[in-house]
Amino acid sequence: MASQKDGTPDEWGATGMYEESSHIFLANKFAPYIKITTNCVGMSNADVKKNCTNVYYNTTEFASYKIADGTTFIFRIFDGNCNSQYGPIMQLKHVCGSILIDTNATGKPNIIGKDIFAFYITKSGIYPQGTEFDRLSMKNYCTSSRIWGQNYNGYRNGGSCTAWVLYNENMDYLRCELDWESGKTSCKK
């Protein structure tokens, strides 16, 4: 809906990831289309940590708000011109930023891949992280052989689990090694 009203994200006027105002700008573009109960945009880090997310609360890097069911939306711009590239397909050649969805806000475990899931904001729409085309592959960033939420080569293990959950409707990757290449869609198969 934001794109229908204001054009594609590269036309919105956001700048880069090191400008606090860009994260706020991005969150505010989506705000009219989401029923927000707690708007943490503009709050102090301590208040964001208390009310919306106790993981991604640094307001110089993220902007967030919570909805009625307790889910928190956390926004981060990468490149206002949407020139970040995360894969060979069209959607992943024009990444603008990300939305992290924390399904239970400040509730535990607060670990990406367990209760926090990542989506790319692209020129052509919202795209889940961790597809078979993503350079942040499931094989490297959604694996039970690594510690959940820990950084590996600058990215957190669990960050590439979102597509798996959406397409296969399970979180079996928490219990066994799965990836797109194997053809296995659960620990049982």
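Our subject in this report is the structure included herewith. (Residues numbered from 1 in each chain as written. Predicted model: local features only at pLDDT ≥ 70, side-chain atom pairs only at ≥ 80, totals over all residues. Heavy atoms only, no water.)

Let us now look at the state of the cysteines. Overall, the coordinates contain four disulfides when judged by the stated rule. Each disulfide pairs two cysteine sulfurs, and for cysteine 40 the partner residue is cysteine 52, the sulfurs being separated by 2.1 Å. The S-S bond linking cysteine 40 to cysteine 52 shows a torsion near 90°; that makes this disulfide right-handed. Linking cysteine 40 in the loop between strand S1 (36-39) and helix H3 (45-51) with cysteine 52 in the loop between H3 and strand S2 (63-67), this pair joins segments that are twelve residues apart in sequence. Here cysteine 40 matches cysteine 52 in class, with each residue buried. Here cysteine 176 is linked by a disulfide to cysteine 187, with a sulfur-sulfur distance of 2.2 Å. Taking the sign of the S-S torsion, about -105° here, the bridge from cysteine 176 to cysteine 187 comes out left-handed. Of this pair, cysteine 176 sits in the segment after helix H6 (162-168) while cysteine 187 sits in the segment after H6, placing them eleven residues apart in sequence. Of the residues examined, cysteine 187 reaches a relative accessible area of 26% and is grouped as partly exposed. (Disulfide = S-S within 2.5 Å. Helix = DSSP H or I, 4+ residues; strand = E, 2+ residues; numbered from the N terminus. Buried < 20%, exposed > 50% of the residue type's maximum accessible area, 1.4 Å probe, protein only.)

With 30 residues, the main nonpolar core has Phe30, Tyr65, Phe73, Phe75 and Tyr173 as its most contacted residues. Of all the elements in the fold, those that place two or more residues in this core are helix H2 (20-30), S2, strand S3 (72-77), strand S4 (95-102) and strand S5 (116-122). Grouped together as the second largest cluster of nonpolar side chains are ten residues, Ile89, Leu92, Leu136 and Tyr152 included. (Core = buried A, V, L, I, M, F, W, Y, C linked by side-chain atoms within 4.5 Å.)

Two descriptors summarise a pair of aromatic rings, namely the distance from one centre to the other and the angle between the planes of the rings. In the structure shown here, the tally under the stated rule is eleven aromatic pairs. Residues tyrosine 56 and phenylalanine 62 carry aromatic rings whose centres are separated by 5.0 Å and whose planes lie at 70° to one another, so their mutual orientation is edge-to-face. You can call tyrosine 56 buried: its relative accessible area is 8%. Ring centres of tyrosine 65 and phenylalanine 75 lie 5.3 Å apart, and the angle between their planes is 50°; this geometry places the pair in the tilted category. (Phe/Tyr/Trp six-rings, centres within 6.5 Å; stacked < 30°, edge-to-face > 60°.)

With that settled, consider unusual backbone geometry. With an omega of 15°, the peptide bond between lysine 108 and proline 109 qualifies as cis. Inspection of the secondary structure puts proline 109 in the loop between S4 and S5. Positive phi is not limited to glycine here, since alanine 105 has a value of about 50°. Mapped onto the fold, alanine 105 is located in the loop between S4 and S5. Accessibility expressed as a relative area gives 4% for alanine 105, which makes it buried. Residue glutamate 169 is not a glycine yet carries a positive backbone phi of 55°. Within the fold, glutamate 169 resides in the segment after H6.

This brings us to the sheet that holds S5. Spatially, the six strands line up as an open sheet ordered S1-S2-S3-S4-S5-S6, and their pairing is antiparallel. Looking along the sheet, the strands with just one partner apiece sit at the ends: S1 and strand S6 (125-128). The average undirected angle you get between the axes of adjacent strands in this sheet is 30°. One ladder, built from three bridges, connects S1 with S2; its direction is antiparallel. If you follow threonine 38 over to S2, its bridge partner there is lysine 66. H2 contacts S2, S3, S4, S5 and S6 of the sheet and is inclined by roughly 130° relative to S3. (Pairing = 2+ DSSP bridges. Axes fitted to C-alpha atoms, helices over the stretch in contact; angles between N-to-C directions. Contact = heavy atoms within 4.5 Å.)

These values are about where atoms sit, not about what they do.
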